[in-house]
Every structure is written in structure tokens, then in C-alpha cells.
2 protein chains.
Amino acid sequence: MERVKITNCCVRAAASVVGKMERMGPLGGFFDLHDNEDRFGQSTWEKAEAEMQRMALNTALAKVKWQQEQLGAIFAGDLLNQCVGAAYGLKDFSVPYLGLYGACSTAAEGLLLTALLCDRGVFSSAAAVASSHNCTAERQYRSPLEYGAQRTPTAQWTVTGAGAFLVDSDVGEDAPVIRAVMPGLVVEKGVRDAANMGAAMAPAAADTLLRFFKETHTVPTDFDLIVTGDLGYEGGSILCDLMRIAGQDIAPVYNDCGMMIYSRETQDTHAGGSGCGCSAVVLASYLLPKLATGALERVLFLGTGAMMSPQIIQQGEAIPAIAHLLCFVSKESREWKLC
Amino acid sequence: MERVKITNCCVRAAASVVGKMERMGPLGGFFDLHDNEDRFGQSTWEKAEAEMQRMALNTALAKVKWQQEQLGAIFAGDLLNQCVGAAYGLKDFSVPYLGLYGACSTAAEGLLLTALLCDRGVFSSAAAVASSHNCTAERQYRSPLEYGAQRTPTAQWTVTGAGAFLVDSDVGEDAPVIRAVMPGLVVEKGVRDAANMGAAMAPAAADTLLRFFKETHTVPTDFDLIVTGDLGYEGGSILCDLMRIAGQDIAPVYNDCGMMIYSRETQDTHAGGSGCGCSAVVLASYLLPKLATGALERVLFLGTGAMMSPQIIQQGEAIPAIAHLLCFVSKESREWKLC
């Protein structure tokens with residue numbers, strides 16, 4: 001069965017909201033909004049994360065002077081229990097809301113669904129929103145920051161950030177186009193170390209990528225960039241190894257949002273960034289603008305997610321992961337035929 | 001903007017798996033599988049819930065002799081933190097997986113998305129799966145069962161159950177057809193009592209229903225049944241009041257899966273059943289078969305969800321809710337024009 005779905009819709013606008021650490025990183029100047037206290041005027045970290053989602057969507061709408069009424073739906077999620085970042089952050093929009101849980105793949109999952117539904121005429125436009133917050137995630141998944149718990153070398157740093165994307169069935173002339181999408185399968189290869197998400201997620205990314213190459217008869221060098229969401233240094237290295245063993249060397253065109261967002265020299269995040277917000281803000285503020293200018297022409301973007309809970313890990317289970325793929329093309333490559 | 005989406009696809013098969021309490025209720029004989037120990041052969045409640053999802057999907061596939069490869073995607077979710085019931089229960093299926101979080105509206109959200117994507121040719125068929133388990137939900141949202149905490153009169157009883165639905169773009173001749181879907185808006189009316197979900201969700205159900213009637217120029221008596229997912233006795237009563245005030249008396253055709261699943265006389269569940277599994281199993285094993293035989297011809301089904309977390313309630317926030325609508329018609333009413 002064909003798993004790759006060809007689409008023809010664009011990302012009309014995108015916006016990003018980040019915290020202090022992300023602002024200080026190498027991509028700091030590209031993000032739309034930031035708060036050096038990571039609080040965004042709120043009294044709890046959960047409310048701060050919700051506020052980031054609200055700000056990101058409002059900023060994206062403002063960039064193209066859209067009213068929220070133009071949106072057919074909002075697809076949104078985050079890492080918090082019961083996805084309250086999305087539910088509370090977006091509750092004041094009078095737009096149909098569809099909640100997602102794809103762990104750190106949520107931005108890609110949302111974009112994939114908005115692209116399919118806009119392409120097939122269900123909505124003329126729709127939004128995808130995702131977020132994570134370092135302080136909510138650390139408390140929920142590991143321990144409160146105040147404990148000062150030591151982190152292992154393979155641990156990643158949850159990004160404080162939210163990204164919002166407006167997907168439009170009218171592709172216009174310049175905007176980056178979502179040329180194809182491919183939802184991932186759940187892949188679990190026995191990794192039980194909750195401090196090594198990269199290792200848990202890399203096999204899912206390899207599975208999706210290999211199926212994509214096979215079905216579309218493409219090779220890694222057909223793309224300027226193959227970028228994963230948040231495998232980090234550990235997972236990224238494993239992915240390159242897995243792909244090389246399978247006969248597809250992606251290393252020359254490979255990068256990872258979790259490796260891009262922080263400086264390895266000046267910001268000690270161990271294995272890199274992670275979280276729903278990681279791929280969302282890097283895509284929104286760095287990759288999509290490069291696609292818009294033509295600096296990048298063909299990009300494979302894989303949102304990676306590890307779908308365990310702290311409780312199920314305590315019960316001895318391994319970590320299932322997923323990777324949803326999107327193929328973006330710039331206006332220069334719109335005529336390029338995939339498949 | 002038009003929010004009601006007309007679709008033409010059918011529910012080819014559905015299956016339900018329940019616990020002892022559900023089996024003993026008035027609908028007990030309709031459910032496909034049950035376990036009187038609620039454990040389904042597993043060592044933890046979380047794993048039991050995951051196993052229910054696996055069993056429900058396998059049973060639905062077996063009913064129509066489908067192989068899993070026929071499914072274009074699985075849309076699934078549950079109430080557990082990080083939706084591990086769905087992720088772990090369905091990880092062995094080699095089918096693209098899209099995780100949802102819609103609280104107790106998850107079955108409706110999944111059916112809505114599968115219906116849209118099958119209707120528009122993205123998939124020829126797809127599955128929606130949802131579950132809840134009394135023992136996981138009570139521990140996670142309230143307190144472990146062993147504490148024996150007293151429940152308030154407005155509290156509902158989380159259903160132990162999973163439902164799976166196979167949606168097919170080929171409507172065939174007999175199967176119930178999903179004629180229209182309408183995603184809900186997030187509605188929050190200030191209810192802060194986490195032991196009164198019915199009150200929190202009723203305004204969302206009223207909002208969706210009123211918009212549906214207005215846009216389709218229908219009235220409650222155009223339908224044999226208007227059924228909500230899990231408002232229970234408290235929320236159902238509030239919904240009828242809200243609708244009457246708005247000039248649409250639904251009481252003569254109204255029911256709620258949470259009121260149907262347990263006996264008020266012999267099973268003390270206070271305000272009725274709730275949870276993702278509540279509407280999923282009642283729809284799968286009681287309502288859809290009645291649509292298949294023509295005993296019901298036109299049904300409005302509203303999946304209702306309350307999207308708070310225990311943490312955000314402790315932080316003083318109110319409860320946002322949502323209601324996604326599906327309009328089912330039997331073969332006798334396939335020619336009936338909605339809109």
C-alpha cells in the first residue's frame with residue numbers, strides 16, 4: 001500500500017516563541033518572541049507553556065493579517081499530562097480544536113494532518129501548534145528543577161518553546177510547499193533508558209526514512225537537508241549508522257533540530273535539545289524562512305517522538321517511538337516530481 | 001464558515017472489550033469481550049488498558065476478515081498520561097499511527113478524522129480506537145482505589161472498556177454511514193469542580209449541537225436519537241436545560257452513553273459512566289448494530305471531553321471541554337439530505 005501522500009499546500013506563515021536558553025543559542029536571533037524569565041507573565045510553568053502556544057498562534061496570524069475565523073481547524077498538542085498546554089493556551093480561539101498526542105512528533109503530526117485536510121479540500125486553511133517547556137517537562141518526566149538532579153550524558157534538554165504554523169490550500173507563489181507527507185509506524189526496539197530518548201527514537205526515524213526512499217525512489221542526495229526533530233547528538237549518530245547499514249548514507253545532508261538549537265561549546269545541554277517545541281521553533285523560524293528564500297530547496301523533516309510515560313517505564317516497559325515525515329519544497333523546486 | 005462536513009463512508013465493523021462492571025450492566029450482553037478481573041492477563045492496570053485496545057482492534061478486524069495491512073492509518077488515544085494505552089496497545093500493528101488526545105471525546109475525534117480522510121480519498125480505510133480503565137483513571141486523576149476515597153454525588157464512574165472502529169470509504173449496502181462530522185470548539189464556562197465533569201462538558205455539547213442545528217437547518221426531532229458520550233445524569237440534565245433555553249428541546253430524543261451503560265438501580269455509580277471507553281463501547285456494540293438493522297435511522301453522536309489535568313486544577317484553573325459531533329444514518333436513511 002502507498003504510504004506516502006502527495007500534497008500541494010503551503011505554510012503561509014509560522015511563528016515561534018522561546019525561553020532564555022533558546023534565545024541565547026545560535027538560532028536565538030531568528031525566533032519571533034522570547035521571555036528571559038521563561039514565565040511569559042504567568043504564575044505557573046504550565047500556564048506559561050499555555051501562554052506560549054497562544055502567543056505563537058496569534059503571532060503567526062498577525063504576520064499575514066489573518067483573522068482566526070479563516071482557520072478551519074487547529075491541530076495542537078504538547079508533552080504535558082492531558083496536553084493542557086494546548087487546551088488552555090488555545091481555548092479562547094473560536095476555531096474547531098483537534099487535540100493530538102504524538103510526544104515530540106506533535107508539530108509534524110499536526111502539519112501532516114493539516115496538509116492532508118487542506119489539500120483534500122476539507123479546510124481551506126488550518127493551523128498546527130505545538131510546545132514544550134523545560135520546567136514543566138523536567139518536573140513531570142524527571143524531577144523538579146530545584147532538586148538539582150544530575151543528568152546523564154545521553155540526556156537531552158527540553159526546549160522551552162512553541163511553534164505555530166498556518167497551512168493554506170492556496171499555495172500562492174512564494175511560500176514553502178508541503179509536497180508530501182508520510183505518517184510513521186510505532187517502532188520499539190527494546191530501549192528502556194528514559195534518559196536516552198535519542199536511542200529510542202532513532203530506529204523509528206530510520207524506519208520512516210527507509211520506507212520513504214523506497215516508495216519514492218529517491219536517495220538522500222536528492223535533498224538539501226534531511227532534518228530530524230530531536231534525536232540529539234546520540235540519536236542522530238545512531239540514525240546515521242542505521243541508515244548507512246541499510247545502504248542509504250544520509251550523513252552529508254543530515255542535521256537535527258536538537259543539535260542546532262543550542263551551542264555545544266557555550267551551552268551545556270549534554271546530548272542536545274528535545275521536546276515538542278524543539279522541532280517546532282527550529283522549523284518555524286529557521287528552516288521555513290530558508291525554504292522561502294530558496295536557500296534550501298528540498299527538505300525532509302521528520303518529527304520524532306518517544307511515547308512512554310514515567311509510570312509505564314517504572315513498570316519495566318521499553319520505549320515505543322514514532323517519526324512522521326514531511327517533504328518541503330521551495331518555489332524553485334515546485335515543479336520537481338516526487339514519485 | 002461552514003463547519004459541518006458532509007461525508008460518505010461507513011463503519012464497516014466495530015468491536016468492544018469491557019470489564020466486569022460493564023458486563024454486569026444493562027448492555028452487558030452486547031459487548032464482544034470481557035474480563036471479570038479487569039486485568040486481561042496483564043500485571044498492571046496500564047498494561048491491561050493497552051491490552052484492551054489491542055484486543056478491540058483485532059476483534060474488529062476479525063469480524064470482517066480484514067488484514068491490518070488494509071488500514072491506511074490508526075487514530076487512537078486514551079486518558080492515560082502520554083496516552084500509553086494506545087501507544088503500547090497498538091505498537092505491534094504495522095500501520096501508520098496518529099495519536100490523539102481529546103479526553104473522553106477521543107472515539108468521536110478519531111472517527112471524525114478517519115471519516116474525513118477516507119471520504120476524501122487519503123485512505124481507503126482506517127481505524128479509530130479509544131479506551132479507558134477504571135483503575136488507571138482513578139489512580140491517575142483522583143486516588144488509588146485501595147484508599148477507598150468517598151465519591152461525591154456528581155462524580156462519574158470511569159468505564160473499563162475499549163472500542164475499535166473500522167471506517168471504510170466503500171459504503172457497501174448495509175453498514176451505518178457517517179453522513180456528516182463537525183469538530184467542536186473548546187468551551188470553558190468556569191466550572192472548577194473536578195468531580196463534576198458533566199457540568200463542565202454540557203456547555204460544549206450545547207455549543208456544538210446548536211451550531212449544527214443552525215447550519216444544517218435541522219431540529220432535534222429530525223433524529224431518532226441524540227446521544228452524548230459521557231455527560232452522565234448531571235451533565236445530561238444540564239444539557240437538556242441549556243438546549244431548552246436556546247429553543248431546541250432535545251429531551252424526547254436524548255440519551256447519554258454514561259446513563260445507558262450502568263443500571264442506576266443495581267450499580268451505584270452516582271452520576272453515571274464516563275471515560276473514553278464509555279462512548280466507544282456503547283457506540284461500537286449497541287448503537288451501531290441498531291443503525292445496521294434500521295432500529296435507529298438517524299443518530300447524532302457527540303463525543304464529549306473535559307481537557308484538564310489534575311495539576312492545572314490544583315493551580316486554580318477551570319475545566320475546558322469539547323464536543324465533537326458525528327451524524328450516522330442507517331441504510332434506510334442514506335438518501336436523506338442533510339443541509
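Residues numbered from 1 in each chain as written. Chains lettered and ligands numbered in written order. Predicted model: local features only at pLDDT ≥ 70, side-chain atom pairs only at ≥ 80, totals over all residues. Heavy atoms only, no water.

**Some thoughts on the overall build of chain A**
Next, step 1: Counting its regular elements, chain A contains ten helices and 13 strands.
Next, step 2: Against the 2.2 N^0.38 benchmark of 20 Å for 339 residues, chain A shows a C-alpha radius of gyration of 18 Å, consistent with a compact globule.
Next, step 3: Along the three orthogonal principal directions, the C-alpha set of chain A runs to about 55 × 50 × 35 Å.
Next, step 4: Here chain A holds 339 residues, and the buried ones make up 68% of them.
Next, step 5: Restricting the contact set of chain A to residue pairs at least 6 apart, pairs at least 24 apart contribute 78%. (Helix = DSSP H or I, 4+ residues; strand = E, 2+ residues; numbered from the N terminus. Rg over C-alpha atoms; globule rule 2.2 N^0.38 Å. Buried < 20%, exposed > 50% of the residue type's maximum accessible area, 1.4 Å probe, protein only. Contact = heavy atoms within 4.5 Å.)

**Let's talk about the interface of chain A and chain B**
Next, step 1: The interface of chain A with chain B comprises 59 residues on the first partner and 59 residues on the second.
Next, step 2: Note on chain A versus chain B: buried area summed over both sides is about 5000 Å², and carbon and sulfur give 60% of it.
Next, step 3: The tally of links from chain A across to chain B stands at four salt bridges.
Next, step 4: A salt bridge links Glu188 of chain A to Lys91 of chain B; its shortest N-O distance comes to 3.0 Å.
Next, step 5: In this assembly, chain A and chain B are joined by 30 residue pairs in polar contact (both at pLDDT 80 or more).
Next, step 6: Secondary structure elements with two or more residues in the side of chain A that touches chain B: α2 (45-63), α3 (84-89), β4 (97-99), α4 (106-119), α5 (134-141), α10 (310-314) and β13 (321-329) of chain A.
Next, step 7: In terms of residue count, the dominant contributor to the side of chain A that touches chain B is α4 of chain A (five residues). (Buried area = accessible area lost by both parts, 1.4 Å probe. Salt bridge = Lys/Arg side-chain N within 4 Å of Asp/Glu carboxyl O. Polar contact = N/O pair within 3.5 Å; in protein donor to acceptor, adjacent residues only side chain to side chain.)

**Section: the packing of α2 of chain A against α5 of chain A**
Residues and elements named next belong to chain A.
Next, step 1: For the pair α2 and α5, interaxial distance at closest approach is 8 Å and the crossing angle is 135°. When the axes of α2 and α5 are compared, the pair comes out oblique. Taken as a pair, α2 and α5 cross one another with a handedness that is left-handed. Packed against α2, whose contacting residues are Trp45, Glu46 and Glu49, the element α5 presents Cys135, Thr136 and Arg139 at the interface.
Next, step 2: Of the residues belonging to the contact of α2 with α5, the class tally is two nonpolar, one polar and three charged. (Axes fitted to C-alpha atoms, helices over the stretch in contact; angles between N-to-C directions. Parallel < 35°, antiparallel > 145°, perpendicular 65-115°, else oblique. Left-handed = near helix turned anticlockwise from the far one by under 90°. Nonpolar A, V, L, I, M, F, W, Y, C, P; charged D, E, K, R; others polar.)

**Regarding the side chain of Arg179 of chain A**
All names here are of chain A.
Next, step 1: Tracing the backbone through its elements, the reader meets Arg179 in strand β8 (residues 177-182).
Next, step 2: Here Asn8 takes part through its side chain, which lies 3.3 Å from a polar atom of the side chain of Arg179.
Next, step 3: Leaving out residues up to four positions away in the same chain, Arg179 has contacts with Lys5, Ile6, Thr7, Asn8, Cys327, Val329, Arg334, Trp336 and Leu338.

**Describing the relation of the copies chain A and chain B**
Note that the two copies of the chain are related through a rotation about an axis and a translation along the same axis.
Next, step 1: Rotating chain A by 180° and translating it 0.0 Å along the rotation axis places it on chain B, where the RMSD comes to 0.0 Å. As the rotation angle and translation indicate, the two copies are arranged about a two-fold axis. Ranked by how close their C-alpha atoms come to the rotation axis, the residues of chain A are headed by Leu100 of chain A, at 2.1 Å.
Next, step 2: Mapped onto chain B, 100% of the interface residues of chain A are again interface residues, and the two copies thus contact each other with one and the same surface. (Least-squares fit on C-alpha atoms with pLDDT ≥ 70 in both.)

**Details of the pattern of salt bridges**
Residue and element names in this part refer to chain B.
Next, step 1: Under the criterion given, the structure shown has 22 salt bridges over all chains.
Next, step 2: Across the salt bridge formed by Glu51 and Arg54, the nearest N and O atoms sit 2.9 Å from each other. Note that Glu51 and Arg54 are positioned in helix α2 (residues 45-63) at a spacing of three residues, about one turn of the helix.

**Description of the pairing of strand β5 (residues 125-132) of chain A**
All names here are of chain A.
Next, step 1: Among the eight residues in β5, eight count as buried, and that is most of the element.
Next, step 2: Every second residue of β5 is oriented toward a common face, with Ser125, Ala127, Val129 and Ser131 on one face and Ala126, Ala128, Ala130 and Ser132 on the other, all of them buried.
Next, step 3: The sheet contact formed by strand β3 (residues 74-78) and β5 spans five bridges and is parallel. Across the sheet, residue Ala76 finds its bridge partner in β5, namely Val129.
Next, step 4: As paired strands, β5 and strand β7 (residues 161-168) are joined by eight bridges and run antiparallel to one another. Across the sheet, the residue bridging to Ala127 is Leu166, located in β7. (Pairing = 2+ DSSP bridges.)

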